[in-house]
Each structure stands twice: as structure tokens, then as C-alpha cells.
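Given next are the chains, with one letter for each unit.
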Amino acid sequence: MPEVLYLSHWDAAMPVVVPNSVVKLLTNYQILAIRFLYNCLQKGYRGAILNEETEMNPCIQVSAFLNALNSSISIEAPAIVLCTAHTFGIWHYYLSNYAGNRVTVLSEHNCEQILQSKSLEIILSTVDNLKWLKGAELDFFTVIIDDLDVVINKKFVKQIKGQYHIGITTRNFLKDPGQKLFRNMLLWANPGCVGKLEEFCEEDDEHLNQNRYAYGEYWLRLTWSFCETFKKSSKDDLEHNQAVVNNWLYENDVSYSSEEVPKRRVRKRKRESVTKEVSNCELKDDVKDVTPPPPQLNESTQVPVNSQETIIYDYTDDCPLLTSIINNDHVAPASKPEDTGNAAVSNEPKTVRTGSSEDLLLSIMSDDFNYDGVREEYSHNHSSSKDNVLSMLFSDSE
């Protein structure tokens, strides 16, 4: 491995190099990505896209590239790196140790200073902390956005402009296609490099059918199967690297509170429904101890037993005998069938007891009353006239 990594020609008037302190940590696929970024800049492109699989560590790639520019090119505008809260600590570690310049974290207290800054320093910010810039249109030399496919349609992407854009994504557009998203990312990196959406979709479909890689000039797709010499880091190496990063963050008192990340906005109607539910719960808590007093029962009130519905009979008619018959029918428990020792016992009710007491009374008072059941119950010799039935019910004799 050479002492330094030459990105420009070695005998250039001002060679662009990556110092040995960084080169000794780089792998072959990371060097390939760094050279790609520099070649796009040298060709006059406005930007480049790094589309890599996970665990390829684009943080050290971008840090090494910025280090080479810092030592070789005179620039009068700062560089800004935008990332998520999840990757903030990793970006902070690699930029601070391998980018060769001071790193300033965007906050509410230094936003005015950053707006007026003209020196080459690296500004690190999460996407959510850009609110401190208050929507001002800013010009930087380099704009680096991590997870570009996630935030490409955000408003701040158009507000923050740079002479050279670097987008980073891990999305596999062959397995998870999205032509409109793909086109927007290309246009952000290199405005005007593709045509209208309809024309782009037709051309992209044709490229896929012919197995052509038409955007390789400013879009680098790196996978572990790209080359046989690309070897993934072992689990122990990944754990060691993470421990080094965590130790550095602890020693330098660098932390990022997840509380600074605003919660996802909820629709008003959902928020109102939650408020109503809370208010209802509070109302229930206020009145849960207030219970109505039990009903006062008097002598004329009867509560039926073995009934699904609670029916209270309070008859004030002139016939106490009929009232007693009706009430006793509801109050008396059902009689248990006698054990006759037979295997099968018929549970069918007798004919007289198939209806309720009200039905019996109304049937007696009606001309359509069925007299056959009464004759079977009491006597086969009685007359079937209505007068005989009434005399049988209300007489003292059996």
C-alpha cells in the first residue's frame, strides 16, 4: 500500500492526495468510491451518487474525499453533511478524525455564525435540526446527504445548494424500483442529465431490457458481489469498530438526544378523537362513584325468578285471585322431573302449561280457547262448554 493515495496525477502542480493516516484504514471498495467521487468532480459534474450495500462505511469514504480536497484545493465556502439521528454519532466520529478539518454541529446558538461563514469547515447536522436555518437558501461548496432516497422530496433539499452534491443511498433499485424517485435523485446530483419523466421511464425500461448501465458516469452501485476481492468485515471487526466509535463519543462528550427529533405529525381528526376519549374517561372517573339508589320494593312488587327479563307485576284490578295466579307462575321455581329410572324421560310440558299465564287468561276469555287440553288434564267426562271450564277453575272441588 503506498504512503498516500493520489487522486490526481502524481506530478500535477497541486496533487490531490489522501494522507497515509487515512489510507491505511481504507479497503479496496472504499478506495474505488473515493476515486469515483473525485473523477466526477474533475469531469465537471455537479454531483455523484454512492449507491452501496450496508456495512461498506460511506462515512470514511466521504471523510477521506473531503480531506483530499482540504489539503489540495482552495475553497471559500463550507461543506455540510446532513444525516439522520441514528447515524449522527458515526458521521461525527469519522469526519472529526479523518476529514482533516474542524467539525461544527449545527445548533440554535451557532446558526447565525454558520450563515455568515466563508471558511472551509465541515458543518454536521441532522435533517431535523435544519429548522434553525429558518428556510434560508444557503450555498455551500459540498452538500452531502445521507439516505437521499428518503428525503429527496423534502423542501430543504431545494433550499440547500452546493457546487458539488454527494448523495448516499443503500436502496437497490433493481429489487425495489421507483423510476420517479430514481430520476429525482439523478436531477439533484446533476441537473438536466435526464429528460421528462415519461421519456425517462421509456428510456430506463429500454436500458433494463438491454441490460445496459446507462447512468454509471454519476451513479456508482457497489455490492459485495461486485468483485471477488470485496470482503465483508467479520462480526468481531464490526463490533470492535462500533466500540471504538462509542468510546470516542463518550470521551468527547458527544451525544444526540432523540428528544430533539420531532414526533410524527398526527391528523387533527385522530388527535380530536383521542381528546374525546380522554375526556370521556375523565368524565367516567368523575361519575364512577355516583350510583343510583336501589329501587324500593313494596308488598305489591314481585321480582320474577328464572326469567331473562325483569318484569314487575303490580296489578290493582278487582280480581285478586287472577293476580295471584299470574304472579305465582313467575315466582315459583320450576319443578324438578321425577327420577323414574328410565333411560329416556320426556321433558315436553303438558298442554295447559305451554303458554304463559297471560296467554291462559286471554284464552279463557276468548271464544277460540282450546278445550281439549283441559279435558285431558282433569276429566274426560266434563262438558266442553266454556261455562264448565270456568266452574272447574274457580270451584273448591277437585
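Below or above, wherever it landed, is the structure these notes cover. Keep in mind that this is a model prediction, so the values were computed, not measured. (Residues numbered from 1 in each chain as written. Predicted model: local features only at pLDDT ≥ 70, side-chain atom pairs only at ≥ 80, totals over all residues. Heavy atoms only, no water.)

The next point concerns the sheet that holds strand β3 (residues 47-52). One open sheet accounts for seven strands, arranged β5-β6-β4-β7-β8-β3-β9; its pairing is parallel. Of all the strands in the sheet, the pair left with one neighbour each is β5 (103-105) and β9 (219-222). Ignoring strand direction, the axes of neighbouring strands in this sheet form an average angle of 20°. Pairing of β5 with strand β6 (residues 122-126) involves three bridges; the strand directions are parallel. Following the sheet pairing, Val105 is matched in β6 by Leu124. (Pairing = 2+ DSSP bridges. Helix = DSSP H or I, 4+ residues; strand = E, 2+ residues; numbered from the N terminus. Axes fitted to C-alpha atoms, helices over the stretch in contact; angles between N-to-C directions.)

What follows covers the side chain of Thr142. As for its position among the elements, Thr142 is in strand β7 (residues 138-146). The contacts of Thr142, once residues within four sequence positions are left out, are Leu66, Pro78, Ala79, Ile80, Tyr164 and Ile166. (Contact = heavy atoms within 4.5 Å.)

In this section: the layout of surface pockets. Quantified by volume, the second largest pocket comes out at close to 910 Å³. Lining the second largest pocket are 33 residues, with Glu55, Met56, Asn57, Ile90 and Tyr94 sitting closest to its centre. Residue assignment for the lining of the second largest pocket shows that the elements contributing at least two residues are α2 (28-42), α3 (58-72), α4 (88-98), β8 (160-169) and α10 (235-251). The leading source of residues in the lining of the second largest pocket is α10, at six residues. Residues of the lining of the second largest pocket, tallied by class, amount to 15 nonpolar, twelve polar and six charged. (1 Å grid on protein atoms, 1.4 Å probe; cavity = no way out; pocket = protein on both sides within 12 Å on 5 of 7 lines; lining within 4 Å. Points joined across faces, edges and corners; volume = space filled by probe spheres on them. Nonpolar A, V, L, I, M, F, W, Y, C, P; charged D, E, K, R; others polar.)

Right, let's talk about the state of the cysteines for a bit. In the structure shown here, the tally under the stated rule is zero disulfides. Sulfur of Cys59: no disulfide; nearest cysteine sulfur belongs to Cys83 and is 7.9 Å away. Cys59 sits in the buried class, given a relative accessible area of 7%. (Disulfide = S-S within 2.5 Å. Buried < 20%, exposed > 50% of the residue type's maximum accessible area, 1.4 Å probe, protein only.)

Our focus in this paragraph is a negative patch on the surface. Negative charge collects at one region of the surface, where Glu198, Glu199, Glu202, Glu203, Asp205 and Glu206 lie side by side. Its place among the elements puts Glu206 in helix α9 (residues 197-209). Classification of Glu206 by relative accessible area gives partly exposed; the value is 36%. (Patch = residues over 30% accessible without salt bridge, like charges linked within 9 Å, V, L, I, M, F, W, Y side chains within 5 Å. Areas by Shrake-Rupley, 256 points an atom, 1.4 Å probe, with all protein chains shown as cover. Salt bridge = Lys/Arg side-chain N within 4 Å of Asp/Glu carboxyl O. Lys, Arg positive; Asp, Glu negative; His and termini not counted. Charge placed at Lys NZ, Arg CZ, Asp CG, Glu CD.)

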